[in-house]
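Each chain, written out:
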Amino acid sequence: MDIKSVQKELKAAKLNGRIFTLGNMFINEDILPEENRILELTKFSGSYALLFITPSKAYLFVDGRYELQAKKEVNLRQVEIVKLSEISFFEWLKNNYAKTAARLSYNPWVISQSALDNLQKLLPLAQFIPVENAPKLLSTQKIKVFTHQKKFTGHVSKDKIASFATHIKKLGLDAYLVTDASNSSWLLNLRSTALPYTPIFRAYVLVEKNGTYKVFAEHCDYEQALSFDKLQEHLAKYDKLGADFNTAPAIIKSFNTKVKNIPDEITGLKAVKNAVELKGIRNAHLRDGVALSKFMYWLSKNYKGKTEIDVAEKLLSFRKKELNFHSESFATIAGSGSNAAIVHYHATEQSNATLKKNSVLLIDSGGQYYDGTTDVTRTIAIGEPSADMIEKNTLVLKSHIALAGAIFPQKTSGDELDLIARQPLYQKGLDYEHGTGHGVGFFSNVHEGPARISIHAKRSAEYKAGMITSIEPGYYKENAFGIRIENLYMVKANKNPKFLHFEVLTLAPIDKNLINKNLLTTDEINWLNRYHRQVFLSLKKYLTRQELEWLRFACAPL
C-alpha cells in the first residue's frame, strides 16, 4: 500500500479523505512494524502520529517530540507535516470540513469508539464510512504466553477476576469487555512475547457478573483463547454489556448496539501498586542503577571511537547480567551531538554517529524486570562541554528538582504539576515540546495511564499514593545538542495525608560536569547532594574497586 493507491481508492469511491491512526485493534498500544500503516505509507517511525489522506494531498500530524524526526523521514514533496503543537487534529478537521457534507473513511478496528463519537459531533454534516473487511492489523507471528508469578504480582488472577466480577454486578451489567491489553494482562497475570519491549498479552477478556470469563487472542500458545472472529457471536448475547470506549474499537458497537460506555476500573487499580509490587520496583531500580553506573564508568574510559549503537548495545549488556531482567522497556535512545536534539531519536545504520569530543550524549533507556519496569535519562558530557551546554543542563536540573521536591495537595491536576517543573526554564524564556512525566507500569507498559504530568493534562486522572511517575524536563537546541534528566518516582502520602510528595526510585549519578553550581540555590545543591549520597550508599557494594572510585567521585558533594 502507498499514498497514491489510497488516493486512487478515494477517488473511485468518491470519498473526501481517509483517517489513519497509528495502531491496531489494541488502541494506544505499541505495535510492530508490520502492523504500522503510517510507517508503511510515509516512512515515519515515531510512536505517535495521525495521517489524513485526501484524493490530492496527505497530511501527517505529529507532536513536538517528533517534528524534527518527521522532517528527516518523510517525503516532504508528498506529505505535509502538521504540528500538533500549533493545531490539534480535531481543530484542523473542523476548519476544513465542518461546513461540508464530507465523506470520510476509517478502519473501525483501529479507531476507538470515543474518537469516532467525537468526530461525529465535530463534523455533524459529514458521513463516516467504515472500510469494508477492514483488517485488525495484527501480526501473525507466533506468540508465547507465560504467567507473571504471584511472588511478583502479590495477588493471583482468580482473586482479581472475582473482585472485578463483583464490580460488574454492582454496575448492573451482565458482562464487561476488557479491550485494553495491559488491563487484560494485569487481570489474568499473563504476559507474552508479542512485543519486543512491552511484555503484555494482547488479548480481550469478556468477564461475566458471575465470574466466568472468555479470552480472545490469536497467534499464541494460550490454549483457552478464542479467535477474534468469535467476538461478535459472544457479544451479541448480552442485553447489558459494558466496555470502555476509549480503548474499545468502533467495530464493537456494530457487534452489540446496546453496549454502554463505562470506564475500565482496572486502569486505576493497576496504576496504584500494591506492597509486593512496590518492593519489587525498588529492587529492580537498585539493580538497574548498578547496570547504569557500571555502564557510565565504562563510557568514561572507552568513549573514543564509539558510536551511538555501540553505547546502546553496551548498556544492554550490563542490564542483561542483572537478576530478573527480561528485556529493555523500549528501544534505547542514544543521541550524540545534534542527534540528541531529536527528542525520540533512534540510531539507524545511516544516522549512527560517532561520539564527538566536547559534546553531550543523551541516553534514555530502561529495563523490563519481572519485578519492575525502569525508565531513566542521563545527559553525559563527552570531553569538555560548552558554557551553553552547562547552562542549559543546569536549568533542566533546576526544573527537575523543582518538581521532584514539591509537596502538593491531593487531586492536583497534571497541568499544575507540569507548570512547577517548567518555571526555571520559563524564567529564561525557554521550554520543551513534550510532557514532564508519565505513569509507569509494572512489568508492563513503560507509559501507563491514567495520570500524566503535562500542560495538556487538565482532564487526566489525579495522582494517588502508590503510583509511579517519571519526571523528565528537557531542553533541545536544533542541530546542536539536547538535554534531558529523567528519574522515576513513587507518589507517597506526606505527613499530612491531605498532601503528596515524590520518593525517588532511580539510582544513577547526574553528571556534575554539566552543572554550574553558581546557578543553583542552596536548597537545590542540598537536594542534589542528598540524592547522590543515596545513590552512592545504595550501589557501592555491587561495584568493582575501580567502579567504586569512579562512583565516589561522581557522587561527591557539589
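Structure: see above.
Per chain, residue numbering runs from 1 following the sequence as it is written. The predicted nature of this model means local features are confined to residues of pLDDT at least 70 and side-chain atom pairs, given and counted, to a pLDDT of 80 or more, with totals for whole chains, interfaces and linings taken over all residues. Excluding hydrogens and water, the side-chain values take into account all heavy atoms of the structure.

Caption draft 1: Representation of the sheet that holds strand β4 (residues 79-83). Here, any two strands with at least 2 DSSP bridges between them count as paired. The helix count covers DSSP runs of H or I at least four residues long, the strand count covers runs of E at least two residues long, and both are numbered beginning at the N terminus. Taken together, the six strands give an open sheet; going across it, the order is β4-β3-β2-β1-β5-β6, and neighbouring strands pair in mixed fashion. Edge strands, defined here as strands with exactly one partner in the open sheet, are β4 and β6 (127-130). For this sheet, the mean inter-axis angle between neighbouring strands, taken without regard to orientation, is 25 degrees. Pairing geometry for strand β2 (residues 50-53) and strand β3 (residues 58-62), over four bridges, is antiparallel. Counterpart to L51 in the pairing with β3 is L60. With axes taken as lines fitted to C-alpha atoms, and helix axes fitted only over the stretch in contact, angles between N-to-C directions fall between 0 and 180 degrees.

Caption draft 2: Up close: the packing of helix α14 (residues 387-404) against helix α15 (residues 414-426). Packing of α14 against α15 leaves a shortest axis separation of 7 Å and a crossing angle of 150 degrees. Taken as axis vectors, α14 and α15 run roughly antiparallel relative to one another. Crossing angle aside, the handedness with which α14 passes α15 is right-handed. Mapping the contact onto sequence places L395, K398, S399, A402 and L403 in α14 and L417, I420, A421, P424 and L425 in α15. Between 65 and 115 degrees an angle is taken as roughly perpendicular, under 35 as roughly parallel, over 145 as roughly antiparallel, and anywhere else as oblique. It is the rotation of the near helix from the far one that decides the hand of a crossing: anticlockwise by less than a right angle makes it left-handed, clockwise makes it right-handed. Pairs of residues are marked as contacts when any of their non-hydrogen atoms sit within 4.5 Å.

Caption draft 3: Geometry of the pairing of strand β19 (residues 376-382). Here β19 lies mainly inside the structure; seven of its seven residues are buried. Neither face of β19 is exposed, since V376, R378, I380 and I382 on one face and T377, T379 and A381 on the opposite face are all buried. Sheet analysis places strand β16 (residues 359-365) next to β19, joined by seven bridges and oriented antiparallel. Looking at the pairing, D364 lines up with T377 of β19. Relative accessibility decides the category of a residue: with a 1.4 Å probe and only protein chains considered, values under 20% of the type maximum give buried, values over 50% give exposed, and everything between is partly exposed.

Caption draft 4: The arrangement of the side chain of E322 in detail. Secondary-structure assignment places E322 in the loop between α13 (308-320) and β14 (325-328). Neither His nor the chain ends contribute to the count of charged residues, in which Lys and Arg are positive and Asp and Glu negative. A carboxyl oxygen of Asp or Glu within 4 Å of a side-chain nitrogen of Lys or Arg is what we treat as a salt bridge. One buried charge, E322, has no salt-bridge partner; the nearest side chain with opposite charge is R287, at 5.0 Å. Contacts of E322, omitting those with residues within four sequence positions, involve R287, V290, A291 and Y369.

Caption draft 5: Spatial organisation of the sheet that holds strand β15 (residues 333-336). Strand order in the open sheet formed by three strands is β15-β16-β19, and the pairing between neighbours is antiparallel. Here the strands that pair on one side only, and so sit at the sheet edges, are β15 and β19. Strand-to-strand twist of the sheet, defined as the mean angle between neighbouring strand axes without regard to direction, takes the value 15 degrees.

Caption draft 6: Summary view of the environment of V74. Topologically, V74 is positioned in the loop between α3 (67-73) and β4. Residues V74 and I161, 87 residues apart in the sequence, show an inter-C-alpha distance of 45 Å. Filtering out sequence-adjacent residues up to four positions away, V74 remains in contact with T42, F44, L60 and V79.

Caption draft 7: Here's a closer look at a nonpolar patch on the surface. Every patch collects residues that have over 30% relative accessible area and no salt bridge, joining them within 9 Å if they carry like charges and within 5 Å if they are nonpolar side chains (Val, Leu, Ile, Met, Phe, Trp, Tyr). All accessibility values rest on the Shrake-Rupley procedure with a 1.4 Å probe; residue burial counts only the protein chains present in the view. Where nonpolar side chains cluster on the molecular surface, the patch consists of L419, Y426 and I455 and spans about 230 Å² of accessible area. Of note, I455 is situated in the loop between β22 (448-453) and β23 (468-471).

Caption draft 8: Region of the structure containing the pairing of strand β10 (residues 204-208). Extensive coverage of β10 is indicated by the burial of five of its five residues. Both faces of β10 are covered, namely the face carrying Y204, L206 and E208 and the face carrying V205 and V207. Two elements, strand β8 (residues 175-178) and β10, share four bridges in a ladder whose sense is antiparallel. Looking across to β10, one finds that Y176 is bridged to V207.

Caption draft 9: Region of interest: the packing of helix α12 (residues 275-302) against helix α17 (residues 545-554). The geometry of α12 relative to α17 is characterised by a closest axis approach of 10 Å and an angle of 90 degrees between their N-to-C directions. For the element pair α12 / α17, the angle class is roughly perpendicular. Where α12 approaches α17, its residues S293, K294, M296, Y297 and S300 are matched on the opposing element by Q546, E547, W550 and L551. Looking at the contact of α12 with α17 residue by residue, the class counts come to four nonpolar, three polar and two charged. Side-chain classes follow a simple rule in which Ala, Val, Leu, Ile, Met, Phe, Trp, Tyr, Cys and Pro form the nonpolar group, Asp, Glu, Lys and Arg form the charged group, and the remainder, Gly included, forms the polar group.

Caption draft 10: Layout of the nonpolar core. Only buried Ala, Val, Leu, Ile, Met, Phe, Trp, Tyr and Cys residues count toward a nonpolar core, and they belong to the same one when joined by side-chain atoms within 4.5 Å. With 78 residues, the main nonpolar core has F295, L299 and V311 as its most contacted residues. With nine residues, the single largest contributor to this core is α12. If we skip the residues at most four places from it in the chain, V311 touches F295, W298, L299, K306, A334, L355, L361 and I363. Membership of the second largest hydrophobic core comes to 50 residues, among which are F164, L206, Y222 and L241.

Caption draft 11: Looking closely at the packing of aromatic side chains. Aromatic rings from Phe, Tyr and Trp, with only the six-membered ring used for Trp, were paired whenever their centres fell within 6.5 Å, and each pair was classed as stacked if the ring planes differed by under 30 degrees, edge-to-face if by over 60, and tilted otherwise. Using the criterion set out here, one finds 25 aromatic pairs in the structure. When the ring of W527 is compared with that of Y531, the centres are 5.6 Å apart and the planes differ by 15 degrees; the resulting orientation is stacked. One end of the pair is W527 and the other is Y531, both in helix α16 (residues 522-539) and four residues apart, which spans about a single turn. Three or more aromatic residues joined by ring pairs make a cluster, and in this case those are F52, Y59, F61, F89, F90, W92 and Y97. Here, a charge over a ring means that NZ of Lys or CZ of Arg falls within 6 Å of the ring centre while also lying within 35 degrees of the ring normal. Here the basic side chain of R422 rests over the ring of Y432, its NZ or CZ set 3.9 Å away from the ring centre. When the ring centre of F553 is taken as reference, the NZ or CZ atom of K512 above it lies at 5.5 Å.

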